[in-house]
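# An overview of the molecular structure
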Amino acid sequence: MSTVSEPVSLSAPRGADAGLTPKQLADKYGLTVSGRRPGLFAYTRQLWARRHFIWAFATARLVAQYTDAKLGQIWQVVTPLLNCAVFYLVFGEILSNKDDNPHYVAWLCIGVFIFQFTQNAVQSGTRAISDNLGLIRALHFPRASLPIAFTVIQLQQLLISMVVLFAVVLLNGIEPGRTWILVVPALVLQSMFNTGVALIFSRIGAKTSDISQLIPFAMRAWLFLSGVMYSISDKIKDWPPFWQKVMELNPASVYIDLVRHALAPIIYNKHQEKFLEFPPHQWKYAIAWGVGMLVIGYVFFWKAEEEYGRG
């Protein structure tokens, strides 16, 4: 009488490893999970080692961004200037916001350029993971490189545009002064803030692609709440103190105000001569937003490192 033998699994451990579970086998031979998230400090070292890749990637994407346009890289400057022209027509001429400010053109352009820096960093950061799945699945590198690289792209665009912004300020009758140097720390802090926000929305956008459809509406609302086209303090002077404080803490308004005070102090004080005569609380807010958001965004993104590009 013949018997039917049990099928033998060719993948089952044999010999000395027979009967061991996959976890026991991994522990025995020192195996680790592929793509496992490294510790925070190890991750930071890996990211720093890729700093040249981040810069090269950002530069290449920036150059390729306008290759199909006849004006090419000129659009980096033309786009914010066109936004300024539209806002000037609506808010300056039609709504007469320029009547009390002889330097309204410079004041407006500073607001548009600085807000657009944050706006573009958030929008591009939201799609940094979802739009680069092929690269993520093909190569092993810290995924934070991508949202950081896209923030660098926006910073490079802003630095190019700043040449035109300086020209606008000068043509609007504002003389250069020592306070202009304060634009540098203001933009550094804003870059830190933008990077943190981009990292947060990169993780959210990687799991919920629909968020990229909602971001433009949120950014438009943020634009109108940040005093880009008009003085927000004049509009909220009758609001309850709590909401006035909330509006004062708006990070977009904070960075816009710092750059406006640096480039055009005459708008706020015609007799201002002291080098550091700026709103001290604005610098405190700028530092808190920049450092705090960068740390929060970095840790938040790192927590999901091993999930990007899967599923």
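Scroll up a little and you will see the structure.
Residues numbered from 1 in each chain as written. Predicted model: local features only at pLDDT ≥ 70, side-chain atom pairs only at ≥ 80, totals over all residues. Heavy atoms only, no water.

## Thoughts on the nonpolar core
Generally speaking, a soluble globular protein has its nonpolar side chains buried in company with each other. Formed by 54 residues in total, the largest nonpolar core has its most connected members in Ile110, Phe115, Met229, Val259 and Leu263. For this core, the secondary structure elements donating two or more residues are α4 (75-94), α5 (104-126), α7 (145-171), α8 (183-207), α9 (211-224), α12 (251-263) and α13 (280-302). The element contributing the most residues to this core is α5, with 12 residues. Setting aside residues up to four positions removed in sequence, Val259 forms contacts with Ile110, Ile114, Val183, Ala186, Leu187 and Ala264. Grouped together as the second largest cluster of nonpolar side chains are 23 residues, Leu62, Leu146, Ile148 and Ile153 included. (Core = buried A, V, L, I, M, F, W, Y, C linked by side-chain atoms within 4.5 Å. Buried < 20%, exposed > 50% of the residue type's maximum accessible area, 1.4 Å probe, protein only. Helix = DSSP H or I, 4+ residues; strand = E, 2+ residues; numbered from the N terminus. Contact = heavy atoms within 4.5 Å.)

## As for the packing of α5 against α8
What describes two packed helices is the angle between their axes and the distance between those same axes. Their axes nearest at 7 Å, the elements α5 and α8 cross at an angle of 25°. When the axis of α5 is compared with that of α8, the two are roughly parallel. With respect to the hand of their crossing, α5 and α8 are arranged in right-handed fashion. Contacts between α5 and α8 involve Ile114, Phe117, Thr118, Ala121, Val122, Gly125 and Thr126 from the first element and Leu187, Gln190, Ser191, Phe193, Asn194, Val197, Ala198, Phe201, Ser202 and Gly205 from the second. Residue composition of the contact of α5 with α8, by class: 9 nonpolar, 8 polar and no charged. (Axes fitted to C-alpha atoms, helices over the stretch in contact; angles between N-to-C directions. Parallel < 35°, antiparallel > 145°, perpendicular 65-115°, else oblique. Left-handed = near helix turned anticlockwise from the far one by under 90°. Nonpolar A, V, L, I, M, F, W, Y, C, P; charged D, E, K, R; others polar.)

## Overview of the state of the cysteines
Under the criterion given, the structure shown has 0 disulfides. Cysteine Cys84 remains unbridged, with the sulfur of Cys109 as its closest cysteine sulfur at 3.3 Å. Given a relative accessible area of 4%, Cys84 falls into the buried group. (Disulfide = S-S within 2.5 Å.)

## Thoughts on the environment of Gly111
Within the fold, Gly111 resides in helix α5. Distance from Gly111 to Tyr230, taken between C-alpha atoms, is 9.5 Å for residues 119 residues apart in sequence. Apart from the residues within four sequence positions on either side, Gly111 is in contact with Val228, Ile256 and Arg260.

## A look at the packing of aromatic side chains
What characterises a pair of aromatic rings is the spacing of the ring centres plus the angle enclosed by the ring planes. Within this structure, the stated rule accounts for 11 aromatic pairs. The interplanar angle of 35° and the centroid separation of 5.8 Å between the aromatic rings of Phe53 and Phe57 together place this pair among those described as tilted. Of this pair, Phe53 and Phe57 both sit in helix α3 (residues 51-65), 4 residues apart, roughly one helical turn. A centroid spacing of 5.8 Å and a plane angle of 45° characterise the contact between Phe193 and Tyr255, whose relative ring orientation is tilted. In this pair, Phe193 sits in helix α8 while Tyr255 sits in helix α12, placing the two residues 62 residues apart along the sequence. Chaining the aromatic ring pairs together yields one cluster made of Phe53, Phe57, Phe141 and Phe150. Here the basic side chain of Arg143 rests over the ring of Phe141, its NZ or CZ set 4.9 Å away from the ring centre. Looking at Arg260, its charged tip hangs above the ring of Trp107, at a distance of 3.5 Å from the centre. (Phe/Tyr/Trp six-rings, centres within 6.5 Å; stacked < 30°, edge-to-face > 60°. Lys NZ or Arg CZ within 6 Å of the ring centre and 35° of its normal.)

## Focus: the side chain of Ser161
By the secondary structure assignment, Ser161 is in helix α7. When its relative accessible area of 4% is taken as the criterion, Ser161 is described as buried.

## Considering the pattern of salt bridges
Scanning the model with the defined rule gives 3 salt bridges in all. Here Glu307 ties to Lys207 by a salt bridge, and the two come within 3.6 Å at their closest N and O atoms. Residue Glu307 is located in the segment after α13, and its partner Lys207 is located in helix α8; the two are separated by 100 residues in the primary sequence. Taking relative accessible area as the criterion, Glu307 reaches 36% and is therefore assigned partly exposed. A residue is classified by how much of its surface remains accessible, and Lys207, at 53% relative accessible area, is exposed. Glu248 is the partner of Lys245 in a salt bridge, and the nearest nitrogen-oxygen pair spans 3.4 Å. Taken as a pair, Lys245 and Glu248 lie in helix α11 (residues 241-248) at a separation of 3 residues, close to a single helical turn. For Lys245, a relative accessible area of 37% translates into the label partly exposed. A residue is classified by how much of its surface remains accessible, and Glu248, at 30% relative accessible area, is partly exposed. (Salt bridge = Lys/Arg side-chain N within 4 Å of Asp/Glu carboxyl O.)

## Re α4
Taking 1.5 Å as the rise per residue, α4 with 20 residues should run 28 Å; its terminal C-alpha atoms sit 27 Å apart, in good agreement. Within α4, the axis deviates most sharply at Tyr88, by approximately 35°. By the burial criterion, the buried members of α4 are Gln76, Val77, Pro80, Cys84, Phe87, Phe91 and Gly92. In the core, the buried residues of α4 are packed alongside α3, α5, α7 and α9. (Expected span 1.5 Å × (residues − 1). Bend = angle between axes of the 7 residues up to and from the residue.)

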